[in-house]
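Here are the chains, one letter per residue:
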Amino acid sequence: VSEVLALNLVLFLPLVGIVLLLLVPGASDTLCRRLTLTMMVLQLLLTAWLYMRFASGVPGLQFETRLPWIAAWGVYYQIGLDGYNVLLVTLTAFLGPLLTAGAFSAIGKDVKLFNATLLLIQFAMMGTLLAQDLFLFYVFWETMLIPMFLLIGIWGGERRIHATLKFVLYTAFGSILMLAAVIYLVWSLQAGAGVTSFAFSDLLNARLPLHAQQWLLGAFGLSFAIKVPMVPLHTWLPDAHVEAPTAGSVILAGVLLKMGTYGFMKLGFPLFPDAARLFTPVLSTLAVVSIVYGACLALVQDDIKKIIAYSSISHLGYVMLGLLSLDLIGVQGALIQMVSHGLIASGLFLMVGMIYERCHSRELAAYGGLAKLIPVYSVFFMILTLASVGLPTTSGFTGEFLVLLGAFKAAWPLHMAGDSGALVLAVVAVSGVVLGALYMLRFALTFLYGPAKAPLQPQQTLMDLGGREKLILGLIVAAVFTLGLYPDDALRKSESAATDYRQRVSSSRLPVAAP
Amino acid sequence: MNARAVATAMLPEHLLLLGIVVLLGLAIGGRARRASLAVALIAVTAAALAAAGLSAGGHAMAPFADQFSVDPAGLRAKALVLALALPVLLMSWGEFEGEEFPLLLLASLYGVSLLLSADSFLTLFLGLELMSMPVYVLVLLGHRRPQSAEAAIKYLILGGAASAALLMGASLLYGSSGSLATSTFVQAVASTQALRRTGVVLIVAALFLKAAIVPFHAWAPDAYEGASVPVTAYMAVIVKAGVLLAAVRLFGNAVPASPLLELLALLPLASIVWGNLAAMRQDSLRRMIGYSSIAHAGYLFYALLGEPAGRFQAVVFYILAYGLLNLLAFAALPPADDERARDRLGRLEGLFHRSPYSALMIGMAMLSLAGIPPLPGFTAKFLIFKNVLAAGHTLYAVLGLVASYLGLYFYLRVIQLMFMSSQAGTPVPAPRAPAVGASVACMVAALLVVVFPGWVVARL
């Protein structure tokens with residue numbers, strides 16, 4: 001019982017925080033920041049406790065709450081933890097305090113609104129992950145849009161309006177088609193089985209003819225693929241990342257993008273398995289194109305935020321590849337890669353934010369030899385760079401290695417049977433690792449070594465990391481190593497989901513012909 | 001006719017009439033206009049409570065057979081529409097020089113009430129005219145600007161055209177069936193006879209004209225912009241609600257077939273598309289709401305494509321969501337000395353820094369009108385499209401949803417102007433206390449719909 005209560009608190013604490021922020025009139029900026037941080041830390045502590053209590057190897061939902069919300073339509077307020085969301089929920093709660101604290105010095109304008117926006121998006125992201133009812137999921141999914149719109153649009157860079165409108169209009173287009181698909185799916189369940197329900201567990205048993213599955217997966221998939229983002233739907237991402245404030249970039253890279261891959265894994269593929277298997281060659285190709293194309297673009301960027309933005313496209317390509325391999329190792333690798341990328345990209349964006357606060361430039365060529373100027377910063381930066389490249393002992397290695405292993409394992413039998421397409425894709429995907437090393441090391445070399453230079457105001461000297469910054473980065477690096485050296489616990493907690501996912505996507509759910 | 005039934009079933013109307021009589025007395029006696037606003041508020045509140053009470057008591061009766069009848073669902077809708085008029089009254093505080101506003105508003109509400117209980121074309125016509133006539137004058141009241149006169153004339157002429165079309169259609173139906181009862185309309189919808197079909201089309205055209213559906217929409221943006229803010233709010237919410245509820249009542253359990261089906265699907269679809277596209281180019285908030293209301297009329301008429309059983313509920317729920325949030329936006333709009341400059345979108349620039357409350361409320365209203373969850377506008381739109389899809393019109397549902405996407409941009413532009421502009425602008429006066437009260441009431445009601453949509457849906 002106390003776990004159920006704790007899970008509801010995890011979801012609603014940010015909302016409590018918003019109410020408290022509104023209730024304190026004329027509160028000082030410091031008070032607003034501290035209040036928000038307190039809420040985020042409380043949320044993290046509760047989540048950590050729930051993560052420990054979460055039983056591995058048990059399929060299905062744990063700590064479930066199910067209450068009627070719109071009873072007439074079969075809509076329930078249903079949340080719970082399972083192998084699918086447990087890692088991402090923990091990641092979201094982990095990043096919350098870090099990005100709040102990271103923005104202490106960066107944001108000086110409309111501090112109250114800023115903190116309320118952070119809490120709102122935290123609420124929406126938690127809700128999206130925890131929801132076990134399609135209506136609830138959609139509501140939270142769309143709610144994520146507005147705080148992000150404000151975050152980029154109010155506290156962003158020069159071209160923030162352009163970037164934020166592009167972000168919203170892109171994502172909303174996917175969502176509106178998904179809404180049509182949601183209604184159609186629920187209606188066909190009602191027409192077929194006579195059950196009016198939005199519960200995932202009911203919808204996952206609906207049987208649909210192949211053409212309906214194709215249309216519906218197309219609609220859901222478009223929405224998810226825009227979020228991931230998969231090439232060629234990625235063009236909003238670099239703009240959004242470059243213009244967003246650091247906290248916005250961290251949320252975007254850390255959690256928001258994973259909503260796309262999470263959506264594919266939790267809903268898209270298991271709901272429409274027959275269509276999913278039909279689309280696998282196309283989607284795998286797009287995933288590999290994302291890996292290589294994202295890496296190539298990252299190689300030639302001059303804006304340091306853009307390098308990380310394109311690297312995100314590349315890294316999420318691995319997640320898609322792992323999910324599509326339908327191999328147990330590949331799927332688990334995809335889950336680890338989601339968390340790993342969330343940690344590494346967030347860390348890198350936070351570090352870029354820290355140097356930007358000092359020097360007000362994001363141009364790679366303006367920097368050099370930072371290792372001599374700010375050694376502590378440089379050590380953290382090198383660790384995260386190597387983690388991004390996939391150095392063994394870091395989480396980046398665990399994720400990418402498992403995904404590629406899974407992809408080869410799945411492709412080999414096909415190759416022996418005469419279909420080498422999947423094998424070719426897996427081989428090309430490996431080249432992404434090499435490209436990844438190239439662009440990240442080019443970045444780090446220019447940034448940290450060579451003649452020392454940094455764009456500064458004349459009277460300023462470059463300050464190394466302060467205590468708050470060290471703490472933030474130290475926590476991220478610790479998590480990166482934990483996941484790299486001891487992925488066992490995370491793997492065991494998510495194993496039930498990987499098995500369940502494989503079994504669902506491998507089986508057919510076409511309507512059974514009447515005898 | 002039975003005196004007792006007349007007394008109970010028409011209680012809301014009687015209370016409104018009583019209010020009108022008292023207001024006339026006050027006007028003749030030359031009393032202060034504050035009293036008249038209070039009287040109007042009391043009369044409308046009493047009428048709304050009476051309607052709600054009758055509905056809760058399960059009253060279903062026809063005091064004038066085949067002319068006027070009430071049933072619990074209709075009474076609930078009546079209570080809702082009357083309650084939505086209360087914020088309009090509160091907003092009008094300090095807006096007008098004379099005391100005509102409450103009187104005309106009550107007269108118009110009497111018309112809306114008749115409309116929601118009409119069983120014959122005679123009552124329907126009476127209700128429609130009684131609802132519209134005072135609004136022509138109300139538009140003219142708007143600070144006596146030249147635009148107001150132009151807007152009022154346009155509205156009057158096109159309103160007249162709508163009445164003419166309605167009468168012509170009703171007379172054709174009368175000619176073919178020998179009855180003025182609205183039930184002939186339901187039969188005529190199913191009929192293939194040319195005379196009846198023409199009658200149906202003319203009546204539908206009249207409703208389209210009144211609700212501002214493309215291509216009968218051109219009057220709306222002008223009238224909305226020319227009127228003063230409370231009157232715009234009244235037209236956008238109450239008049240639209242009256243017309244749509246009358247339409248859905250008129251259609252009863254009729255299932256429109258081709259070619260009427262195409263008429264009822266394609267023209268509202270065109271309204272959604274055009275309303276959303278044209279709203280992007282406006283620089284006046286009222287004009288923008290005018291185009292947005294054209295799009296919303298499209299969603300509302302879409303409800304007629306659904307199964308008959310769920311249509312009334314979908315329309316009532318939509319009116320609740322759309323009405324509350326529209327009124328919220330108007331009530332939170334800061335006042336100004338210059339009525340014309342009041343709602344220039346440019347004036348909203350950086351509003352968050354000058355009047356955070358107004359900016360947050362208008363922002364919330366815009367998001368809800370755009371249909372962003374979890375706000376009520378989304379839930380209402382969801383219900384309508386769910387019904388359309390369940391009735392088998394998959395293509396129309398998808399097209400309507402995609403067309404609704406077009407509206408996102410201009411709603412977001414308002415938010416962008418209010419929140420994302422660093423320009424400070426000139427300070428704005430705070431909204432007047434009654435208007436603030438109206439906006440708080442609307443916001444609280446809207447939040448309740450967000451948190452307990454199930455409770456609301458189960459009671460409509």
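Up top you'll find the structure we're talking about.
Presented here is an overview of the structure given in this document. The shown structure was predicted, so the numbers you read here are calculated from the model rather than taken from an experiment.

### Describing the pairing of strand S1 (residues 61–64) of chain B
Residues and elements named next belong to chain B. In this sheet, strand S2 (residues 68–70) lies alongside S1 in antiparallel orientation, the contact comprising two bridges. When the bridges of S2 are listed, Phe64 appears paired with Phe68. Between S1 and S2, which follow one another and run antiparallel, lie three residues, and Asp66 among them has a positive phi close to 60 degrees.

### A closer look at helix H7 (residues 146–177) of chain B
Spanning 32 residues, H7 of chain B covers 47 Å between terminal C-alpha atoms, matching the ideal 46 Å at 1.5 Å per step. Just downstream of H7 of chain B lies Gly178 of chain B, where phi reads positive at about 75 degrees.

### Considerations on unusual backbone geometry
Residue Pro232 of chain A is bonded to the preceding Val231 of chain A through a cis peptide linkage, with omega at 10 degrees. Here Pro232 of chain A lies in the loop between helix H9 (210–227) and helix H10 (236–243). The residue after Val214 of chain B, namely Pro215 of chain B, is reached through a cis peptide bond having omega 5 degrees. Take Pro215 of chain B: it is sitting in the loop between helix H9 (194–211) and helix H10 (219–226). One non-glycine residue, Thr393 of chain A, lies in the positive phi region at around 85 degrees. Turning to its location among the elements, Thr393 of chain A is positioned in the loop between helix H16 (375–389) and helix H17 (395–416). We note that Ala212 of chain B has phi near 65 degrees; this positive angle belongs to a residue other than glycine.

### Section: the environment of Thr379 of chain B
When you line up the elements, Thr379 of chain B lands in helix H17 (residues 376–390). You can call Thr379 of chain B buried: its relative accessible area is 5%. In this structure the C-alpha to C-alpha distance between Thr379 of chain B and Val201 of chain B, which are 178 residues apart in sequence, comes to 31 Å. Discounting chain neighbours no more than four positions away, the residues touching Thr379 of chain B are Ile70, Trp73 and Phe135 of chain A together with Phe317, Pro374 and Pro453 of chain B.

### Brief notes about helix H14 (residues 308–332) of chain B
For H14 of chain B, spanning 25 residues, the distance from its first C-alpha to its last is 37 Å, which sits close to the expected 36 Å at 1.5 Å a residue. A large share of H14 of chain B lies buried, amounting to 21 of its 25 residues.

### A few points about empty space enclosed by the protein
Evaluation of the coordinates by the stated rule reveals 10 cavities of 30 Å³ or more. What lines the largest cavity is a set of 19 residues, among which Glu142 and Ile176 of chain A together with Ala370, Gly371 and Ser404 of chain B lie closest to the centre. Mapped onto the lining of the largest cavity, the elements with two or more residues apiece are helix H5 (134–143) and helix H7 (160–193) of chain A together with H17 and helix H18 (394–405) of chain B. The class makeup of the residues in the lining of the largest cavity is 14 nonpolar, three polar and two charged.

### Considerations on the layout of surface pockets
In this structure, the largest pocket occupies an estimated 1800 Å³ of space. Along the wall of the largest pocket there are 46 residues; nearest its centre are Leu15, Ile18, Leu22 and Leu120 of chain A together with Leu447 of chain B. Contributions of two or more residues to the lining of the largest pocket are made by helix H1 (2–23), helix H4 (111–130), H5 and helix H6 (145–155) of chain A together with helix H15 (351–354), helix H16 (356–370), helix H19 (408–419) and helix H20 (433–451) of chain B. Considering each element in turn, the lining of the largest pocket owes the most residues, eight residues, to H1 of chain A. For the lining of the largest pocket, the class distribution of residues is 39 nonpolar, four polar and three charged.

### Overview of the interface of chain A and chain B
Counting residues at the interface gives 34 residues for chain A and 32 residues for chain B. For the chain A and chain B pair, buried surface summed over both sides reaches about 3200 Å², with 83% attributable to carbon and sulfur atoms. Run the count over chain A and chain B and you get seven residue pairs in polar contact (both at pLDDT 80 or more). For the side of chain A that touches chain B, the elements supplying multiple residues, two or more each, are strand S1 (62–70), H5, H6 and H7 of chain A. Considering each element in turn, the side of chain A that touches chain B owes the most residues, 16 residues, to H7 of chain A. A breakdown of the residues in the side of chain A that touches chain B according to their chemical character gives 28 nonpolar, three polar and three charged.

### Here we look at the packing of H7 of chain A against H9 of chain A
Residue and element names in this part refer to chain A. The geometry of H7 relative to H9 is characterised by a closest axis approach of 8 Å and an angle of 150 degrees between their N-to-C directions. Taken together, the axis directions place H7 and H9 in an arrangement best described as roughly antiparallel. Between H7 and H9 lies a crossing whose hand is left-handed. Residues Tyr170, Thr171, Phe173, Gly174, Ser175, Leu177, Met178, Ala181, Val182, Tyr184 and Leu185 of H7 pack against Ala212, Leu216, Ala219, Phe220, Leu222, Ser223, Phe224, Ile226 and Lys227 of H9.

Cut-offs applied
- Residues numbered from 1 in each chain as written.
- Chains lettered and ligands numbered in written order.
- Predicted model: local features only at pLDDT ≥ 70, side-chain atom pairs only at ≥ 80, totals over all residues.
- Heavy atoms only, no water.
- Pairing = 2+ DSSP bridges.
- Helix = DSSP H or I, 4+ residues; strand = E, 2+ residues; numbered from the N terminus.
- Expected span 1.5 Å × (residues − 1).
- Buried < 20%, exposed > 50% of the residue type's maximum accessible area, 1.4 Å probe, protein only.
- Contact = heavy atoms within 4.5 Å.
- 1 Å grid on protein atoms, 1.4 Å probe; cavity = no way out; pocket = protein on both sides within 12 Å on 5 of 7 lines; lining within 4 Å.
- Points joined across faces, edges and corners; volume = space filled by probe spheres on them.
- Nonpolar A, V, L, I, M, F, W, Y, C, P; charged D, E, K, R; others polar.
- Buried area = accessible area lost by both parts, 1.4 Å probe.
- Polar contact = N/O pair within 3.5 Å; in protein donor to acceptor, adjacent residues only side chain to side chain.
- Axes fitted to C-alpha atoms, helices over the stretch in contact; angles between N-to-C directions.
- Parallel < 35°, antiparallel > 145°, perpendicular 65-115°, else oblique.
- Left-handed = near helix turned anticlockwise from the far one by under 90°.

The values reported here are purely geometric and, on their own, carry no functional implication.
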